[in-house]
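Each chain, letter by letter, is given below.
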Amino acid sequence: MSSLHTLKGNVLTPQGWVHGDIVFDERIRSVEGQALRREPRVIDEGHYILPGFIDLHVHGGGGRDVMEGGDAVDVLSRLHVRHGTTSLLATTMTAPLDELERALKAIGPACATRRAGHARVLGVHLEGPYINPGKLGAQPDFAIEASLEQVDHLNSLAPLRLITIAPEVDGHLKLVCKLANRGLKVQIGHTAGSYDDGVAALAHGASGFTHLFNAMSGFHHRDPGMVGAALAHAKYAELIPDLLHVHPGAIRAALRAIPRLFCVTDSTAAAGMPDGDYALGRQVVHKCAGGVRLDDGTLAGSILTMDQALRNLVSLGMEVSEAALRTSTYAADYLGLADRGRLAGGCHADIVVVDRQFAIQAVYVEGEEIDLADA
């Protein structure tokens, strides 16, 4: 067992803020101090001590893309941990089967063992290829109909935790039920489906929506589309809060409608890198003007990191405590991880310390203090 650490500051616990100490080794041992009745803005000293961020949609970072295979996942997990992401799902692109296999064979060992100085890779978000070819967004044109046998094969290479599916594609609605019964989280995304398709998918076991509003049929008051199904019926959905993919007004509408809306980055290899050209699966994407786009101007993932997601939520008027739920706790709950995403006794010591401007001061993953210097 490693030695005990103690941090002092304003600790966000499941019961609210405590101004005092959090004591931990690999796991949190105790939180002690004075309970606060309100957000600790009035206290002049002490950083915010928050649950480590959890990102369920990460394509890349630090110049590397998940689909490259090799050590790409190690590079991106090192980049994102320096921005407070303590655990993540490595996210694939739509691609031919052999390319998916290559990527998953590299991700599998990274899931089995966390490297020192890196975020925990919890598993895989399989964003393609089971999507609608009419709603590719920035995905390459290799969409296919899903089969249980193929999903089982891919799952044998690396643990699939979440799968994005277009439910209106022939055969997918029945498959949603089978996948959900196996414990996989199924998200509706890259879909041209109707409101009714969305409601049916939720009834068959789908549990969320992939990057809400993006690459799905939009809302109209006489044809509410997939966005309408999410706003009317979803408990969970992911959203990219880079203030580029989704207008702040739409974010506010989703926050009012979906109780456990949580944030993802949808980050690409361009995250943490200078302007230039980068890989996103088979595509070349261009980072400039604060975003990532294809040649035709289509948004192609993001350069967002989770610390910036937190700052963006706070800039919209959200309390820090709620922003932490949406950058950590709700994602953990969605995956059924009761021992992550919260600062409570017995939980993994996944901790982020930020100052009054929400800049990262320290990060701990399972009790290990992360060197924040750029390697």
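Computed from a prediction, not measured in an experiment: that's the story for all the values here.

Caption draft 1: View of the environment of Arg260. Its location among the elements puts Arg260 in strand β14 (residues 260-263). By relative accessible area, which is 26% here, Arg260 ends up partly exposed. Each C-alpha atom of the pair Arg260 and Ile370 lies 29 Å from the other, and the pair is 110 residues apart in sequence. Not counting chain neighbours up to four residues away, the residues in contact with Arg260 comprise Lys235, Tyr236, Ala237, Arg326, Tyr330 and Asp333.

Caption draft 2: Local environment of the pattern of salt bridges. Across all of its chains, the model carries 17 salt bridges by this definition. In this structure, Arg114 and Glu366 form a salt bridge, with 3.4 Å as the shortest nitrogen-oxygen distance. Here the residue Arg114 occupies a position in the loop between α2 (97-112) and β9 (120-126), and Glu366 occupies one in the loop between β19 (360-365) and β20 (368-369), the gap between them amounting to 252 residues. The class for Glu366 is buried, based on a relative accessible area of 14%. In this structure, Asp333 engages Arg342 in a salt bridge whose closest nitrogen and oxygen atoms are separated by 2.6 Å. Given a relative accessible area of 24%, Asp333 falls into the partly exposed group. A cluster of three or more residues bridged by salt bridges with shared partners is formed by Arg114, Arg120, Arg340, Asp350, Glu366 and Glu368.

Caption draft 3: Summary view of the nonpolar core. With 102 residues, the main nonpolar core has Leu56 and Ile107 as its most contacted residues. Not counting residues within four places of it along the chain, the set of residues in contact with Ile107 comprises Val66, Val73, Ala90, Val121, Val124 and Ala158. Leu7, Cys347, Ala349 and Ile351 belong to the second-largest nonpolar core, a separate cluster that totals 13 residues.

Caption draft 4: Quick peek at the side chain of His80. Here His80 shows up in helix α1 (residues 72-81). You can call His80 buried: its relative accessible area is 1%. Not counting the four nearest positions on each side in its chain, His80 is found in contact with Val58, Gly60, Gly61, Thr85, Leu88, Ser267, Ala271, Leu304 and Thr305.

Caption draft 5: Geometry of the packing of helix α5 (residues 195-203) against helix α6 (residues 225-233). At a closest axis distance of 7 Å, the pairing of α5 and α6 adopts a crossing angle of 45°. Relative to α6, the element α5 lies oblique. In this structure, the crossing between α5 and α6 has a hand that is right-handed. Note on element contacts: α6 touches α5 through Gly225, Met226, Gly228, Ala229, Ala232 and His233, opposite Tyr195, Asp197, Gly198, Val199 and Leu202. Among the residues making up the contact of α5 with α6, the classes are represented as six nonpolar, four polar and one charged.

Caption draft 6: Here's a closer look at the pairing of strand β13 (residues 236-239). Covered by surrounding structure in β13 are Tyr236 and Glu238 together with Ala237 and Leu239, the residues of both alternating faces. Bridge analysis of β13 against β14 gives four bridges, and the strand direction is parallel. Paired with Tyr236 across the strands is Arg260, a residue of β14. Handedness of the crossover joining β13 and β14 through helix α7 (residues 248-257): right-handed.

Caption draft 7: Spotlight on the sheet that holds strand β5 (residues 53-58). Judged by pairing direction, the sheet is parallel, and its six strands sit side by side in the order β5-β8-β9-β10-β11-β12 without closing on themselves. Since the sheet does not close on itself, it has two edges, and those belong to β5 and β12 (208-209), each with one partner. In this sheet, strand β10 (residues 160-165) lies alongside β9 in parallel orientation, the contact comprising three bridges. Pairing of Val124 across the sheet is with Leu160, part of β10. Packed onto the sheet, helix α9 (residues 320-335) meets β5, β8 (85-91), β9, β10, β11 (185-188) and β12 and runs at close to 65° relative to β5.

So, how was this worked out
Residues numbered from 1 in each chain as written. Predicted model: local features only at pLDDT ≥ 70, side-chain atom pairs only at ≥ 80, totals over all residues. Heavy atoms only, no water. Helix = DSSP H or I, 4+ residues; strand = E, 2+ residues; numbered from the N terminus. Buried < 20%, exposed > 50% of the residue type's maximum accessible area, 1.4 Å probe, protein only. Contact = heavy atoms within 4.5 Å. Salt bridge = Lys/Arg side-chain N within 4 Å of Asp/Glu carboxyl O. Core = buried A, V, L, I, M, F, W, Y, C linked by side-chain atoms within 4.5 Å. Axes fitted to C-alpha atoms, helices over the stretch in contact; angles between N-to-C directions. Parallel < 35°, antiparallel > 145°, perpendicular 65-115°, else oblique. Left-handed = near helix turned anticlockwise from the far one by under 90°. Nonpolar A, V, L, I, M, F, W, Y, C, P; charged D, E, K, R; others polar. Pairing = 2+ DSSP bridges. Right-handed = clockwise from strand over helix to strand, strands pointing away.

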